[in-house]
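Inside the fold
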Amino acid sequence: MPIETPTLSRRGFLTRSAAIGCSLAASPLVTPVSFAAAPWDTRLVVILLRGGMDGLDVVQPYGDPAFSGLRKTLLGGPENDAIDLDGYFSLHPALVSLMPLWEAGDLGFVHATSTPYRDKRSHFDGQDLLEAGTAHVVSGHDGWLNRMIGLRSDLSSDTAYALGRTEMKMLIGPAPHSTWAPDSGFEMSPQAMRLAELIMKDDEAMAEAFAQAVRLSDEEARLESGMEGGQKRRAEHLAVADFAAQRLREDARIAAFSLNGWDMHIRQKPVMARTLKRLADTILALRDGMGAAVWGKTAVLAMTEFGRTVRENGTDGTDHGTGGAMLLAGGAINGGRVFGQWPGLSEADLYDRRDLMPTTDVRAHAAWMMQGLTGVNRNALENVVFPGVDMGDDPGLLL
């Protein structure tokens, strides 16, 4: 008996799909992880460190004479188990596994940098501004990565991926991209699969979205199949890194995802150690999953919405601040150094007498990286991707 194709709209299909056993969690229409394929051969990974990472604890200016007087428990320098980088800055000991990258020139940092966001120190506004790439918070914005992708008309949805469960607003906009999250099971019987194909056969966009959902779910299944029987499911940040690396080895050129947990008002020392280890493990999983050839043409940019106060608070933590730090990794990075203009930590040098003074704009560093990786011209970066930014002189972040 022939199968009759029912009349069903896109909205109808999406709302009824659960009835035929289809989990839309795998669909690029509704899940958050983004990638993109492109004519250039380099790769860009953007990691948003949500919560306001304390750059002064990650890359510690122990050579600044004022530093030790500002931090009572969050001490830096080799005498406090931190890892000396250049005689002035030391690295938090939880990032010791990344030191081979530093020594190989595949790891670097930018200090005393920030978005244009000032004074209110709200996570929501700070993250919105960071993802919008604008000088002021605006509602309903598109994201700076999406605007960069939109400069080309020959890109597919495989060029950029937004990964994880948290929405990546930097990839929101009209330019094509894909999304993926772990645990996005997608199971359909052969009959249901055939029905879905018939429903969408005359709708090219829906058919492509459906095919992509199946493909992304298959990729996750392949990742899981490599685990031994009694082994626990891979932690989400590592699953995201594994999937990103796999796609970046193929057609994808851009991946964006976030790592949470950087808001450390209380007991920062143990919390920072755990959170930094998670970041280090994520970066190493990306490197190992990509392989040497792809890693060699990759830049990883880890950025946060703002830094934290230079003084500890009364609960062994730090509060929302202004100037912070960026982490750079990858074979395309001109690493082994701390970039930026150090403002000093004397009270007169601080922003509002409480925060690290920003001396550079996060957006300018991201713009220079995109220009070096993709060839986007400076005019487009300063007026379209990051409207109003002044890129200044090339800081030399890339080889």
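What counts, and where the lines are drawn
- Residues numbered from 1 in each chain as written.
- Predicted model: local features only at pLDDT ≥ 70, side-chain atom pairs only at ≥ 80, totals over all residues.
- Heavy atoms only, no water.
- Helix = DSSP H or I, 4+ residues; strand = E, 2+ residues; numbered from the N terminus.
- Contact = heavy atoms within 4.5 Å.
- Areas by Shrake-Rupley, 256 points an atom, 1.4 Å probe, with all protein chains shown as cover.
- Core = buried A, V, L, I, M, F, W, Y, C linked by side-chain atoms within 4.5 Å.
- Buried < 20%, exposed > 50% of the residue type's maximum accessible area, 1.4 Å probe, protein only.
- Salt bridge = Lys/Arg side-chain N within 4 Å of Asp/Glu carboxyl O.
- Pairing = 2+ DSSP bridges.
- Axes fitted to C-alpha atoms, helices over the stretch in contact; angles between N-to-C directions.
- Parallel < 35°, antiparallel > 145°, perpendicular 65-115°, else oblique.
- Left-handed = near helix turned anticlockwise from the far one by under 90°.
- Nonpolar A, V, L, I, M, F, W, Y, C, P; charged D, E, K, R; others polar.
- Polar contact = N/O pair within 3.5 Å; in protein donor to acceptor, adjacent residues only side chain to side chain.
- Phe/Tyr/Trp six-rings, centres within 6.5 Å; stacked < 30°, edge-to-face > 60°.
- pLDDT = per-residue confidence, 0-100.

Re the overall build of the protein
- A count of helical and extended segments in the protein gives 13 helices and 13 strands.
- A separation threshold of at least 6 residues defines the contact pool for the protein, and within that pool the share at least 24 residues apart is 76%.
- Surface accessibility of the protein: about 16,500 Å² in total, with carbon and sulfur atoms responsible for 51%.

As for the nonpolar core
- Among the nonpolar cores identified, the biggest contains 51 residues, and Leu85, Leu98, Leu163, Trp262, Leu286 and Leu327 are the most heavily contacted of them.
- One finds Met168, Ala364, Val376 and Leu381 within the second-largest nonpolar core, a separate group that totals 45 residues.

Things to note about the pattern of salt bridges
- Going through the model one piece at a time under the given rule, you end up with 21 salt bridges.
- The partner of arginine 353 in a salt bridge is glutamate 347, and the shortest N-O contact between them spans 3.6 Å.
- Relative accessible area serves as the criterion here: at 52%, arginine 353 is assigned to the exposed category.
- Shared partners join several salt bridges into a network, and the residues in it are Asp41, Arg43, Arg253 and Lys297.

Remarks on the sheet that holds strand S5 (residues 90-91)
- Pairing is antiparallel across the open sheet formed by 3 strands, whose spatial order is S3-S5-S4. The open sheet has two edge strands with one neighbour each: strand S3 (59-60) and strand S4 (83-84).
- Strand direction decides the pairing type here: S3 and S5, joined by 2 bridges, are antiparallel. Across the sheet, residue valine 59 finds its bridge partner in S5, namely leucine 91.

Quick look at the packing of helix H9 (residues 236-248) against helix H10 (residues 268-290)
- The interhelical angle for the contact between H9 and H10, taken along N-to-C directions, is 30 degrees, at an axis separation of 8 Å. Our classification of the angle between H9 and H10 gives roughly parallel. Here the hand of the crossing between H9 and H10 comes out right-handed. The segment H9 lies against H10, with His237, Leu238, Ala241, Asp242, Ala244, Ala245 and Leu248 engaging Arg278, Asp281, Thr282, Ala285, Leu286, Gly289 and Met290.
- Class assignment of the residues belonging to the contact of H9 with H10 gives a composition of 8 nonpolar, 3 polar and 3 charged.

Considering helix H5 (residues 123-132)
- Of all 10 residues making up H5, 8 are buried, and the element is well covered by its neighbours.
- Within the span of H5, buried status applies to His123, Gly126, Gln127, Asp128, Leu129, Leu130, Glu131 and Ala132.
- Put simply, serine 122 is the residue that caps the front of H5, since its side-chain oxygen is 3.3 Å from the backbone nitrogen of phenylalanine 124.
- With its phi angle positive at about 75 degrees, glycine 133 sits one or two positions after the end of H5.

As for the packing of aromatic side chains
- If you walk through the whole model with that rule in mind, you get 6 aromatic pairs.
- Judged by centre distance (6.1 Å) and plane angle (75 degrees), the ring pair of tyrosine 161 and phenylalanine 243 falls under edge-to-face. Here phenylalanine 243 lies in helix H9 and tyrosine 161 lies in strand S7 (residues 156-163), a separation of 82 residues in the sequence.
- Overall, the relative accessible area of 0% leaves tyrosine 161 in the buried class.

Brief notes about the confidence of the model for the protein
- Across the protein, the average pLDDT comes to 85, with 79% of residues at or above 70.
- In the predicted structure, residues 1-34 sits below a pLDDT of 50 and forms 83 contacts with residues beyond four places in sequence or in another chain.

A few points about the packing of helix H12 (residues 362-374) against helix H13 (residues 378-385)
- Between H12 and H13, the least distance of the axes is 10 Å, while the angle of their chain directions is 135 degrees. Classed by the angle they form, the pair H12 and H13 counts as oblique. Crossing angle aside, the handedness with which H12 passes H13 is right-handed. Within the contact between the two elements, H12 uses Ala367, Trp368, Met370 and Gln371 and H13 uses Arg378, Leu381 and Val385.

A word on the environment of serine 346
- By secondary structure assignment, the location of serine 346 is in the loop between strand S12 (338-339) and strand S13 (360-361).
- Along the chain, serine 346 and alanine 66 lie 280 residues apart, while their C-alpha atoms are 5.9 Å from each other.

Considerations on unusual backbone geometry
- Notably, aspartate 81 is not glycine yet its phi reads approximately 70 degrees, a positive angle.
- Following the sequence through the fold, aspartate 81 ends up in the loop between helix H3 (67-70) and S4.
- Despite not being glycine, arginine 121 shows a phi value in the positive range, around 60 degrees.
- By the secondary structure assignment, arginine 121 is in the loop between strand S6 (107-114) and H5.
- For arginine 121, a relative accessible area of 13% translates into the label buried.

Regarding the side chain of serine 90
- Along the polypeptide, serine 90 turns up in strand S5.
- A polar contact is formed between the side chain of serine 90 and the backbone nitrogen of glycine 77, at a distance of 3.0 Å.
- Apart from residues lying up to four places away in sequence, serine 90 is in contact with Val58, Val59, Gln60, Tyr62, Gly76, Gly77, Ala82, Ile83, Asp84 and Leu85.

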